[in-house]
Amino acid sequence: AVMAALFVLGGLLLADKDTARPQPATSLLSRVFAWAAPIFAVALLHAVFLLHIESGLERQAAQGVEVDARETAQRAAMAATAVERSALKKQSQELLAEAVQHRHAVLTAAPYDGKAAYDFAMACIALRQTGMRNWSPEGGLAGERDLGDWVREALQNTCRLRMRWT
């Protein structure tokens, strides 16, 4: 998608190369159209680059936190004492809650991406398996909903956003 957008933007700017030269006695309408392509290209830059960069950074952060949570859960399974086991399980749950937070940020940054919705649903399921039942995007009690509701909504978005040609 990013490469296609680069080609489109490059084509718009290349096509506008000839219209940037001063032309004798042009009408107002032709001058407006001469500037329309570069303005359109600049307006698309945000959607093309910044949204992908923002969601990519959040995806990377979520993946890192999920790896940490899995390692912590493995250490909890091998813990010698019950106190150490419960502390590691709690730490793993906190890490998974942070991963869900990152996955929600990805979904917010790229609401058109079905994979983002699916990854968010899977992160919610992993968090629910730790025993946590409710979650809020703000991190507090405000707006807290059942994780099952978050999963249901995300999976419905996944079905709606799936690629049609596969």
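That block above? That's the structure.
Model, not experiment: these values are computed from the prediction.

A. The arrangement of the overall build of the protein chain in detail. Per the secondary structure count, the protein chain includes five helices and two strands. Its helices and strands in sequence order give the protein chain the pattern α-α-α-α-β-β-α, from N to C terminus. Across the 166 residues of the protein chain, 31% fall into the buried class. Split by element, the accessible area of the protein chain, about 10,900 Å² in all, is 65% carbon and sulfur.

B. Main features of the nonpolar core. Counting 21 residues, the largest nonpolar core has Val100, Phe120, Cys124, Leu127, Trp135, Leu147 and Trp150 as the members making the most contacts within it. With residues near it in sequence (within four places) discarded, Val100 still touches Phe120, Ala123, Cys124, Leu127 and Trp135.

C. Layout of a nonpolar patch on the surface. The grouping of Tyr118, Met122 and Leu155 at the surface amounts to a nonpolar patch, some 240 Å² of accessible area in total. Turning to its location among the elements, Leu155 is positioned in helix α5 (residues 147–161). Its relative accessible area of 32% is what places Leu155 among the partly exposed residues.

D. A look at the packing of aromatic side chains. All chains considered together, the criterion is met by three aromatic pairs. With a centroid separation of 5.2 Å and an interplanar angle of 75°, the aromatic rings of Trp135 and Trp150 are classed as edge-to-face. On the criterion of sequence distance, the pair formed by Trp135 in strand β1 (residues 134–135) and Trp150 in helix α5 is long-range, its members being 15 residues apart. A residue is classified by how much of its surface remains accessible, and Trp135, at 5% relative accessible area, is buried. Joined through ring pairs, the aromatic side chains of Phe120, Trp135 and Trp150 make up one cluster. The positively charged end of Arg145 is found above the aromatic ring belonging to Trp150, 4.2 Å away from the centroid.

What counts, and at which threshold
- Residues numbered from 1 in each chain as written.
- Predicted model: local features only at pLDDT ≥ 70, side-chain atom pairs only at ≥ 80, totals over all residues.
- Heavy atoms only, no water.
- Helix = DSSP H or I, 4+ residues; strand = E, 2+ residues; numbered from the N terminus.
- Buried < 20%, exposed > 50% of the residue type's maximum accessible area, 1.4 Å probe, protein only.
- Areas by Shrake-Rupley, 256 points an atom, 1.4 Å probe, with all protein chains shown as cover.
- Core = buried A, V, L, I, M, F, W, Y, C linked by side-chain atoms within 4.5 Å.
- Contact = heavy atoms within 4.5 Å.
- Patch = residues over 30% accessible without salt bridge, like charges linked within 9 Å, V, L, I, M, F, W, Y side chains within 5 Å.
- Salt bridge = Lys/Arg side-chain N within 4 Å of Asp/Glu carboxyl O.
- Phe/Tyr/Trp six-rings, centres within 6.5 Å; stacked < 30°, edge-to-face > 60°.
- Lys NZ or Arg CZ within 6 Å of the ring centre and 35° of its normal.

Remember, this is a structural readout, not a statement about activity or role.
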